[in-house]
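As a plain string of letters, each chain reads:
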Amino acid sequence: MKRWINTVAVVVTLGLVALSPIKLALAAGNKYTIALIPGLTTDPFYITMHKGAQAAAQALGVDLVFQGAPEFNPVTQVPVLNAVTARHPSAILIAPTDKVQLVAPLKTASEAGIPVITVDTFIGNGHYQTGTGDADFPLCYVASDNVLGGEIAARALAKAIGDKGKVYVSNVKPGISTTDQREQGFKEEMKKHSSITVLETQFNDDDANKAASQFQSVLARNPDLAGVFGANLFSAMGASNGAKQAHSTGKVKVVAFDAPASIVPELKAGNVDIAIAQHPAEIGYFGVVAAYAHLAGQSVPPLIGTGFTVIDKGNVDDPNVKRFIYSD
Ligand code: T6T
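Overview of the structure. (Residues numbered from 1 in each chain as written. Predicted model: local features only at pLDDT ≥ 70, side-chain atom pairs only at ≥ 80, totals over all residues. Heavy atoms only, no water.)

### Structural notes on the overall build of the chain
Helix and strand content of the chain: eleven helices and 15 strands. For a compact globule of 328 residues, the expected C-alpha radius of gyration is about 20 Å, and the chain comes in at 22 Å, within 12% of that figure. In terms of its C-alpha atoms, the chain occupies a principal-axis envelope of roughly 80 × 40 × 30 Å. Sorting the 328 residues of the chain into buried and exposed places 54% on the buried side. When contacts within the chain are restricted to residue pairs at least 6 apart in sequence, long-range pairs at least 24 apart make up 72% of them. Of the roughly 13,700 Å² of accessible surface on the chain, a fraction of 55% belongs to carbon and sulfur atoms. Computed over 26 positive and 28 negative side-chain charges, the inter-centroid distance for the chain is 3 Å. (Helix = DSSP H or I, 4+ residues; strand = E, 2+ residues; numbered from the N terminus. Rg over C-alpha atoms; globule rule 2.2 N^0.38 Å. Buried < 20%, exposed > 50% of the residue type's maximum accessible area, 1.4 Å probe, protein only. Contact = heavy atoms within 4.5 Å. Areas by Shrake-Rupley, 256 points an atom, 1.4 Å probe, with all protein chains shown as cover. Lys, Arg positive; Asp, Glu negative; His and termini not counted. Charge placed at Lys NZ, Arg CZ, Asp CG, Glu CD.)

Set out below in structure tokens:
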């Protein structure tokens, strides 16, 4: 079955006429093709997002293409985006890996007539369709409220450490909307906790091994370290592993953003105190629904917010909680 056609020519009585792939697909009564470009392909967060997108695509009779890079990096994501744009899908859903570097290539897609929706992360300031700035052209942003997520993490960590002591944020790298906002929310909330000192953020480039060794270095410099906030899956798993390697489990509290299956034994063993699960399947689902609604001529809200589930040792086996653990 034809879904993606690069160039198609049809012979008509007066000569050769080239039709754009999407026009041809629709003329032939075919489905819309929606491309989902994740931050990286192997992260359980995006694997779960893909499943939610597939569920919506199936319900709506849409073809979904999932294409991404093996690492969370604009240098590898931009060529994937350019290749997808060249095939002219009906719409692009993308988790941009940088607020600034994805603006130009996404503008190219938008100017080629492909509606753009960002999922999880945003470009510019994340306020779309405002008529201001050069990055407001995406139709819609579908995501967690990441500032709120950072605040929730800070409150949980403050409680776990008895509202005093030194903590730090293990983060990916500056320029990523989600993790920047989580750190911002965390630090804003911590200002209300006068006996807590927030140390310098450690950036790990989405590498859990680096996050683990950074944990050990921070602990070596601060033997009285009380807690760490892992601002995404790899930062959190790295911090938890670092605590285990340093035999500081229980002494240094770990609050994790994201909830891969591998976090369940860590919660049960007390290596991680709290995991804040996002709802990536919902993000994928509503991303596809928003794209479809636009293609079908409906208006779409510029922001669709999805929720969190806060997981700890006490509720991790509850089926209503467990269902938010990500797929591998
Ligand atoms: O935390 C998610 C996602 O929200 C973030 O933008 C990047 O990291 C994750 O994919 C987890 O690894």
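### Examining the site of the ligand
Around the ligand, 13 residues are found, and the nearest of them are Asp43, Asp120, Thr178, Arg182 and Asp258. Within the side chain of Thr178, an N or O atom sits 2.7 Å from an oxygen atom of the ligand. Within the complex, the protein chains bury 99% of what would otherwise be the 310 Å² of accessible surface of the ligand. Going through the elements one at a time, helix H2 (44–60), helix H6 (177–190) and helix H8 (233–245) are the ones with two or more residues in the shell around the ligand. Split by domain, the residues of the shell around the ligand number at least three in each of domain 1 (5–144 + 279–307) and domain 2 (146–278 + 312–322). (Near = heavy atom within 4 Å. Polar contact = N/O pair within 3.5 Å; in protein donor to acceptor, adjacent residues only side chain to side chain. Domains from an automatic or database assignment.)

### Some details on the packing of H2 against helix H10 (residues 280–295)
Between H2 and H10, the shortest axis-to-axis distance is 6 Å and the interhelical angle comes to 40 degrees. By the criterion of interaxial angle, the relationship of H2 to H10 is oblique. Helix-helix and strand crossings are classified by hand; for H2 and H10 the assignment is right-handed. Residues Phe45, Thr48, Met49, Gly52, Ala53, Ala55, Ala56, Ala57 and Leu60 of H2 pack against Pro280, Ala281, Ile283, Gly284, Tyr285, Val288, Val289 and Tyr292 of H10. For the contact of H2 with H10, the residue count by class is 14 nonpolar, three polar and no charged. (Axes fitted to C-alpha atoms, helices over the stretch in contact; angles between N-to-C directions. Parallel < 35°, antiparallel > 145°, perpendicular 65-115°, else oblique. Left-handed = near helix turned anticlockwise from the far one by under 90°. Nonpolar A, V, L, I, M, F, W, Y, C, P; charged D, E, K, R; others polar.)

### Things to note about the sheet that holds strand E6 (residues 116–119)
The pairing of strands in a sheet comes from backbone hydrogen bonds and takes either a parallel or an antiparallel form. Pairing within the open sheet is parallel, and its six strands lie in the order E4-E3-E5-E6-E7-E14. Looking at the sheet topology across the chains shown, the edges are occupied by strand E4 (63–66) and strand E14 (303–306). On average, each strand axis in the sheet is inclined to that of its neighbour by 15 degrees, with strand direction left out of account. Here E6 runs beside strand E7 (residues 140–144); their pairing, made up of three bridges, is parallel. By the bridge assignment for E7, Thr118 is matched with Tyr141. On the sheet, H2 packs against strand E3 (33–37), E4 and E6 and is oriented at approximately 165 degrees with respect to E4. (Pairing = 2+ DSSP bridges.)

### What about the environment of Ala156?
Tracing the backbone through its elements, the reader meets Ala156 in helix H5 (residues 146–160). Under the relative-accessibility criterion, Ala156 is labelled buried at 17%. Residues in contact with Ala156, not counting those within four places in the same chain, are Val255 and Ile274.

### Things to note about the pattern of salt bridges
Enumeration according to the criterion identifies ten salt bridges in this entry. Residue Lys99 pairs with Asp180 through a salt bridge whose shortest N-O separation is 2.8 Å. Separated by 81 residues along the polypeptide, Lys99 in the loop between strand E5 (91–94) and helix H4 (103–111) and Asp180 in helix H6 bring together distant segments of the chain. Lys210 serves as the salt-bridge partner of Asp205, at 2.8 Å between the closest nitrogen and oxygen. A relative accessible area of 33% places Lys210 in the partly exposed class. Each member of the salt-bridge network shares a partner with another, and the members are Arg155, Glu189 and Lys192. (Salt bridge = Lys/Arg side-chain N within 4 Å of Asp/Glu carboxyl O.)

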